[in-house]
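Notes for the structure review
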Amino acid sequence: NIQTSFLTPPFGFALFYLRGVAPPSVKTLDMYKGVMAFIALQLAALAIVGTYPALVNYLPNRVSLTSETAPPPLNPRLQYCMEEYVFEQFASNGDALRQAIATARGLNYSAVPEKLREEVMDSFDKAESTFDLIAKAKEAETGIEGHAQDYRPLHRQVRALESEILRLEHSIEELELTIRRSEEDHPRRPAREARLEKLKARVAALEATIPAEWEDAHKTFLTYTKDERTARTKYRRAVDDAYGPIMELRAVLAGTEALAALENDLRTRQAEAPGLEPDAASDRIEAMERVVSDIAGTRDIKSLMSKGRRAFKGKTPNPEEAARLLAEAVVEFEADIAWRRQAATALTAGLDAYDAAIRDTIGLRGQPRLPKEQALYVAGCNAVHRDISLSF
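Described in the following lines is the structure provided in the data block. Bear in mind the structure is a predicted one, so any value in this text is a computation, not a measurement.

Rules used throughout
- Residues numbered from 1 in each chain as written.
- Predicted model: local features only at pLDDT ≥ 70, side-chain atom pairs only at ≥ 80, totals over all residues.
- Heavy atoms only, no water.
- Helix = DSSP H or I, 4+ residues; strand = E, 2+ residues; numbered from the N terminus.
- Rg over C-alpha atoms; globule rule 2.2 N^0.38 Å.
- Areas by Shrake-Rupley, 256 points an atom, 1.4 Å probe, with all protein chains shown as cover.
- Lys, Arg positive; Asp, Glu negative; His and termini not counted.
- Charge placed at Lys NZ, Arg CZ, Asp CG, Glu CD.
- 1 Å grid on protein atoms, 1.4 Å probe; cavity = no way out; pocket = protein on both sides within 12 Å on 5 of 7 lines; lining within 4 Å.
- Points joined across faces, edges and corners; volume = space filled by probe spheres on them.
- Nonpolar A, V, L, I, M, F, W, Y, C, P; charged D, E, K, R; others polar.
- Patch = residues over 30% accessible without salt bridge, like charges linked within 9 Å, V, L, I, M, F, W, Y side chains within 5 Å.
- Salt bridge = Lys/Arg side-chain N within 4 Å of Asp/Glu carboxyl O.
- Buried < 20%, exposed > 50% of the residue type's maximum accessible area, 1.4 Å probe, protein only.
- Expected span 1.5 Å × (residues − 1).
- Bend = angle between axes of the 7 residues up to and from the residue.
- Contact = heavy atoms within 4.5 Å.
- Phe/Tyr/Trp six-rings, centres within 6.5 Å; stacked < 30°, edge-to-face > 60°.
- Lys NZ or Arg CZ within 6 Å of the ring centre and 35° of its normal.
- Arc of directions from axis to C-beta.
- Axes fitted to C-alpha atoms, helices over the stretch in contact; angles between N-to-C directions.
- Parallel < 35°, antiparallel > 145°, perpendicular 65-115°, else oblique.
- Left-handed = near helix turned anticlockwise from the far one by under 90°.

With that settled, consider the overall build of the protein chain. Summing up its helical and strand segments, the protein chain has 14 helices and zero strands in all. Secondary structure elements of the protein chain, listed N to C terminal, follow the sequence α-α-α-α-α-α-α-α-α-α-α-α-α-α. Against the globule reference of 21 Å for 392 residues, the protein chain gives a C-alpha radius of gyration of 35 Å, more extended than a compact globule. In terms of overall dimensions, the protein chain has a C-alpha envelope of 95 × 80 × 55 Å along the principal axes. Here the protein chain displays about 23,100 Å² of accessible surface, and carbon together with sulfur accounts for 56% of that area. Between the mean site of the 52 positive side-chain charges and the mean site of the 59 negative ones, the protein chain shows a separation of 6 Å.

Below you can see the structure in the form of structure tokens.
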């Protein structure tokens, strides 16, 4: 629009610039003729954008969501459109997703520690609950849309009245302040008091014109919006709880061999620590701690190593206590490796298949970034205007 203004009267800045550098043989009329095609293209583009406003937002959204610096799926601005995508997938592919959950639930988790096993089992319950939760959110949204047909004109009427009342109340406050600050015998005081009474009467008259059905209609609308917000919040918590333990277990199993590779170093620290100077032993154990902590699911091992390191600290180092704690860390390490390898054999393939089945729907919020298909969907969805005026 700005570029069009640069090429058209009454100013046409671009044409003035061109006139200043063009030779005398180039007539001003020739310049106007030359820019007609560009003006037509620009006006056509404005007409297209005016007809399809979503085109303005789609390209920036697409570039943003498919770039290397795309916001993560947990970004609040993406949630509504992500849930629209998931709802469509549930409608078209829900049976396959339910079957994937049932298949993953039926895997052999006997080797997995009890606490983690319970979290994984609970995650399957959460995954199955997401179907009903997203359906409730859509049901509440449909209720809002149905209620809005009658509520919208009433909302506009009442908000216009309230806006006028607010303006008058502001004038009343200023006038009351002026009256309080003036002398009792001020010549303009009676007129101000009379005007104040008129303003208050006007406010009372406007308040009386607010339709009697407004309160019930507003409460009903708030109920619908609260139900939708609650359902969406529960859905988001459910998908997070459904995918988090699966991610954790897969990360633990994936780190099995990396942890096993530390066995010799860990046993070396255990053997050499009692014979080293306290500070040297502490530093050696701390370095090992950092390496162990980089592997998922090693909290218990690291905790024992930390306690052993602290046994070397203080005014009275206790090498015997440190040696005992490091020995416990080695025992914990051996038990950890044993169950990890057993569980990896029984679960890795099944959990990989389960992750592939749900990562783009139930697990979408747990991904580091939106996959391309979902990014394009969200870009198109977010490009379309949604009227939220009834929320104000």
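What follows concerns the layout of surface pockets. If you add up the space inside the largest pocket, you get close to 710 Å³. Lining the largest pocket we find 19 residues, and of these I144, E228, R386, I388 and S391 sit closest to its centre. Elements represented by at least two residues in the lining of the largest pocket include exactly α6 (114-181) and α8 (214-254). In terms of residue count, α8 provides more of the lining of the largest pocket than any other element does, seven residues in total. The residue inventory of the lining of the largest pocket, partitioned by class, reads seven nonpolar, three polar and nine charged. Considering only enclosed or pocket space, the second largest pocket measures out at about 420 Å³ in volume.

Moving on: a nonpolar patch on the surface. A contiguous nonpolar surface patch, about 690 Å² in accessible area, is contributed by I2, F6, F11, F13, F16 and Y17. Every element with two or more residues in the nonpolar patch is listed here: α1 (2-6) and α2 (13-21). With respect to the helices and strands, Y17 occurs in helix α2.

Moving on, we get to a negative patch on the surface. Judged by side-chain charge, E114, E118, E119, D122, D241 and E248 come together as a negatively charged surface patch. The element contributing the most residues to the negative patch is α6, with four residues. Positionally, E114 belongs in helix α6.

Tallying each qualifying case throughout the model produces 30 salt bridges. Two residues, R189 and E184, come together in a salt bridge whose shortest N-O distance is 3.8 Å. Classification of E184 as exposed rests on a relative accessible area of 65%. Measuring nitrogen to oxygen at the nearest pair gives 2.6 Å for the salt bridge that ties E272 to R284. Taken together, the residues span a long stretch of sequence, with E272 in helix α10 (residues 263-272) and R284 in helix α11 (residues 278-293) at a distance of 12 residues.

Our next topic: helix α3 (residues 28-51). The terminal C-alpha atoms of α3 lie 34 Å apart, and with 24 residues this matches the ideal 34 Å at 1.5 Å per residue to within 8%. The sharpest bend along α3 reaches about 35° and sits at M36. Summarising the contacts, the buried residues of α3 are in contact with α1 and α2.

Applying the stated criterion across every chain yields a total of seven aromatic pairs. On the numbers, 5.3 Å between centres and 65° between planes, the contact of Y85 with Y377 is edge-to-face. Separated by 292 residues along the polypeptide, Y85 in helix α5 (residues 79-105) and Y377 in helix α14 (residues 372-383) bring together distant segments of the chain. Linked through ring pairs, Y109, F124 and Y354 together constitute an aromatic cluster. In this arrangement the basic side chain of R98 is found over the ring face of F131, its NZ or CZ atom lying 4.0 Å from the centre. Across the ring face of Y80, the terminal group of R386 is positioned such that the distance to the ring centre comes to 4.0 Å.

What follows deals with α11. The first and last C-alpha atoms of α11 sit 22 Å apart over 16 residues, in line with the 22 Å expected at 1.5 Å per residue. Those residues of α11 that sit buried are A281, S282, I285, M288, E289 and V292. Buried residues of α11, seen end-on, are gathered within an arc of 130° and therefore sit on one face of the element.

This paragraph deals with the packing of α5 against α14. Relative orientation of the contacting elements α5 and α14 amounts to 120°, with a least axis distance of 9 Å. The angle between α5 and α14 places the two elements in the oblique class. Along this stretch, α5 crosses α14, giving a crossing that reads as right-handed. Taken together, the residues of α14 that come into contact with α5 (itself represented by C81, M82, E84, Y85 and E88) are E373, Q374, Y377, V378, C381 and N382. In terms of residue class, the contact of α5 with α14 is built from six nonpolar, two polar and three charged.

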